[in-house]
Each structure stands twice: as C-alpha cells, then as structure tokens.
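These are the residues of each chain, in order.
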Amino acid sequence: MSVVKAGFVVLDCAEPEKLAVFYTELLEGEQTDATANRVEIRGADGTRLAFRRDMNATPPSWPRPENSLQAHLDFVVEDLDEAERRIVGLGGRPVETKEPAGPYEERGYSDPAGHSFTLRRVPATAPKQG
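The text that follows walks through the structure, step by step, so that each part is easy to find. Keep in mind the model is a prediction, meaning the values are calculated, not measured.

How each quantity is defined
- Residues numbered from 1 in each chain as written.
- Predicted model: local features only at pLDDT ≥ 70, side-chain atom pairs only at ≥ 80, totals over all residues.
- Heavy atoms only, no water.
- Pairing = 2+ DSSP bridges.
- Helix = DSSP H or I, 4+ residues; strand = E, 2+ residues; numbered from the N terminus.
- Axes fitted to C-alpha atoms, helices over the stretch in contact; angles between N-to-C directions.
- Core = buried A, V, L, I, M, F, W, Y, C linked by side-chain atoms within 4.5 Å.
- Buried < 20%, exposed > 50% of the residue type's maximum accessible area, 1.4 Å probe, protein only.
- Contact = heavy atoms within 4.5 Å.
- Phe/Tyr/Trp six-rings, centres within 6.5 Å; stacked < 30°, edge-to-face > 60°.
- Lys NZ or Arg CZ within 6 Å of the ring centre and 35° of its normal.
- Arc of directions from axis to C-beta.
- Salt bridge = Lys/Arg side-chain N within 4 Å of Asp/Glu carboxyl O.
- Polar contact = N/O pair within 3.5 Å; in protein donor to acceptor, adjacent residues only side chain to side chain.

Turning to the sheet that holds strand β7 (residues 105-110), a few remarks are in order. With mixed pairing, the 4 strands of this open sheet are ordered in space as β5-β8-β7-β6. Unpaired on one side and paired on the other, β5 (73-76) and β6 (93-95) mark the two borders of the sheet. Going from strand to strand, the sheet's axes swing by 35° on average, the running direction of each strand aside. Looking at chain direction, β7 and strand β8 (residues 116-121) are connected through 6 bridges and run antiparallel. Of the residues in β8, the one forming a bridge with S110 is S116.

For the rest of this paragraph, the subject is the nonpolar core. Counting 21 residues, the largest nonpolar core has Y23, F51, F75, F117 and L119 as its most contacted members. Broken down by secondary-structure element, the contributors of at least two residues to this core are β1 (9-13), α1 (16-26), β3 (38-42), β4 (48-53), β5, α2 (80-89) and β8. Discounting chain neighbours no more than four positions away, the residues touching L119 are F75, V77, L80, A83, E84, I87, E105, E106, R107 and Y109.

Right, let's talk about the packing of aromatic side chains for a bit. Where two aromatic rings form a pair, the distance of their centres and the angle of their planes describe that pair. Applying the stated criterion to the full structure yields 7 aromatic pairs. Ring geometry for Y109 against F117: centres 5.8 Å apart, planes inclined by 25°, an arrangement best described as stacked. The pair Y109 / F117 is uniform in exposure class, with both members buried. Put simply, the rings of F22, Y23, F51, F75, Y109 and F117 touch in pairs and so form one group of aromatic residues. The side chain of R38 reaches across the aromatic face of F8, ending 5.5 Å from its centre.

Let us now look at α2. When we look at burial in α2, the residues that qualify are L80, A83 and I87. Projected down its long axis, α2 carries its buried residues within an arc of 65°, all on one side. In α2, those exposed residues whose orientation departs by more than 90 degrees from the buried face are E82, R85 and G89. Buried positions along α2 lie against α1, β6, β7 and β8.

Bringing the pattern of salt bridges into the picture now. One pass over the full model with this rule turns up 10 salt bridges. Its salt-bridge partner being K18, residue E15 comes within 3.3 Å of it at the nearest N-O pair. R107 serves as the salt-bridge partner of E105, at 4.0 Å between the closest nitrogen and oxygen. Through salt bridges with shared partners, a single ionic network connects D81, E84, E105, R107 and R121.

Here the focus is the side chain of T118. When you line up the elements, T118 lands in strand β8. Here T118 falls in the buried class, since its relative accessible area comes to 8%. A polar atom in the side chain of T118 sits 3.5 Å from the side chain of D74. T118 has contacts with H72, L73, D74, F75, E106 and R107, leaving out every residue within four places of it along the chain.

This is the structure:
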C-alpha cells in the first residue's frame, strides 16, 4: 500500500479562494477541500492543485530576467484560441514570449495572481476532413 495518498502542485498567493475559482473554471473541476489558508481543487482530467495563503507572495517576473522562472504549469488543449478566450475571460492574461521551435505550438499566460502557465497544442495525428 502506498504511503502517499495524493500529490498536489501548490501555488502561494494572497487570495487562495479567488485563484481556486480561476483554475476550477479553467479545468472544469471542483473544489475538494478548503481551510482558512488553503483551497484544493481537482480538474475534470484529475489534475490536483492547491492554493496556499501567503500575504507576502509576489509573482515571478518571467519572462523578464530579474526573477527566474522557478516552476510553471503546462496544460494540453485542442484549440489554443478558444482556450485563450476562456483564460482572458476568467482574468488571466497572455505573456508575450517568442514562439518556441519544435513540433508543439505553445502560448504563455499568467493567472490572476501572476503565476505563469503554458498552453500546449499537440498537432493532430490525422489530417482534418473538409
């Protein structure tokens, strides 16, 4: 029997309740637990995130060099434009970066608290019909 029962990526922020709403909507998930200083969610695909209250939390400055990117989230989507509209509608914002080389199309964003994340679209394996 496994000793570890669950794993979470935890994001520090000043307002965990608000950030949990952003990611719950983005991941079409549900809140699974909440305390005064922490909110946990599970996305429809099983992604588990938690948001911990830290009144001194400051977002990274990435992609600016003053503060290195220490961690970020990656989400795989089918339609980058549709996902971007949803992110912006929920209060996130695009982060201007160069298009990466390689087989993937990616776009960078920050959530309402300033944490960075990437949307990645894997090209379809079969040609589109029509």
